Amino acid sequence: MPAHVAETIEKCDFILAVGVRFGEMLTGAYEILKPPKLDKTLIHVHPSLNELGKIFAADYIFEATPTSVASAIGDIRLGLNFSEWCDARRASHLHFLKNLPPRGPVD
């Protein structure tokens, strides 16, 4: 897991996981997110009831598709601080992508 993603997860106070199937890749081999209960609020939304509560004991679970969740929360207005936080997270991610080493020989 990239360091900027791990830092974001470690510093957050809640996680809204939409359409996520938790596993080793997404949890940093269960070192960053440790089952069964997180030290932060977890809201887990997935279209399959079989995935909800499978790895983590979420605080809230919803059986729904990502599209329906996006439609339901699309009009929520967030404060300026959240926008600045999102901009900072995006800048970290773009920096990470820009500095990825090539996967093979370059001509």
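Student: Quick question: what am I supposed to make of the pattern of salt bridges here?
Tutor: When charged atoms on two side chains of opposite charge get close, those side chains can pair. Evaluated as defined, the whole model comprises five salt bridges. A salt bridge links K40 to D39, with the shortest nitrogen-to-oxygen separation between them at 3.8 Å. Relative accessible area serves as the criterion here: at 74%, D39 is assigned to the exposed category. Between K54 and E51 there is a salt bridge; the shortest N-O distance is 3.5 Å. Owing to a relative accessible area of 51%, K54 belongs among the exposed residues under this scheme.

Student: Can you walk me through the sheet that holds strand β2 (residues 41-46) in this structure?
Tutor: Strand pairs in the sheet, formed through backbone hydrogen bonds, run parallel or antiparallel to each other. The strand order across the open sheet built from three strands is β1-β2-β3, with neighbouring strands paired in parallel fashion. Where the open sheet ends on each side, the last strands, each with one partner, are β1 (14-18) and β3 (60-63). Each strand axis lies, on average, 10° off the axis of its neighbour in the sheet, ignoring direction. Direction of pairing for β1 relative to β2: parallel, over a ladder of five bridges. Looking at the pairing, L16 lines up with I43 of β2.

Student: Which parts of the structure should I look at to understand a nonpolar patch on the surface?
Tutor: On the surface, F14, L16, I73, I76, L78, F82 and W85 cluster together into a nonpolar patch covering about 670 Å² of accessible area. Of all the elements in the fold, those that place two or more residues in the nonpolar patch are β1 and α4 (80-98). Take F14: it is sitting in strand β1. With a relative accessible area of 43%, F14 lands in the partly exposed category.

Student: I'm lost on the pairing of β2 in this one. Help?
Tutor: For a regular strand, side chains alternate in direction, first toward one face of the sheet and then toward the other. Here β2 pairs with β3 via four bridges, running parallel. Residue pairing for β3: I43 is matched across the bridge by Y60.

Student: Would you take a moment to explain the side chain of R89 for this structure?
Tutor: Residue position: R89 is located in helix α4. One buried charged side chain, R89, makes no salt bridge at all; its nearest oppositely charged neighbour is E7, positioned 4.2 Å away. Among the polar contacts listed, one links the side chain of R89 to the backbone oxygen of H4, at a separation of 3.4 Å. Those residues in contact with R89, other than ones at most four positions away along the chain, are H4, E7 and T8.

Parameters at a glance
- Residues numbered from 1 in each chain as written.
- Predicted model: local features only at pLDDT ≥ 70, side-chain atom pairs only at ≥ 80, totals over all residues.
- Heavy atoms only, no water.
- Salt bridge = Lys/Arg side-chain N within 4 Å of Asp/Glu carboxyl O.
- Buried < 20%, exposed > 50% of the residue type's maximum accessible area, 1.4 Å probe, protein only.
- Pairing = 2+ DSSP bridges.
- Helix = DSSP H or I, 4+ residues; strand = E, 2+ residues; numbered from the N terminus.
- Axes fitted to C-alpha atoms, helices over the stretch in contact; angles between N-to-C directions.
- Patch = residues over 30% accessible without salt bridge, like charges linked within 9 Å, V, L, I, M, F, W, Y side chains within 5 Å.
- Areas by Shrake-Rupley, 256 points an atom, 1.4 Å probe, with all protein chains shown as cover.
- Lys, Arg positive; Asp, Glu negative; His and termini not counted.
- Polar contact = N/O pair within 3.5 Å; in protein donor to acceptor, adjacent residues only side chain to side chain.
- Contact = heavy atoms within 4.5 Å.

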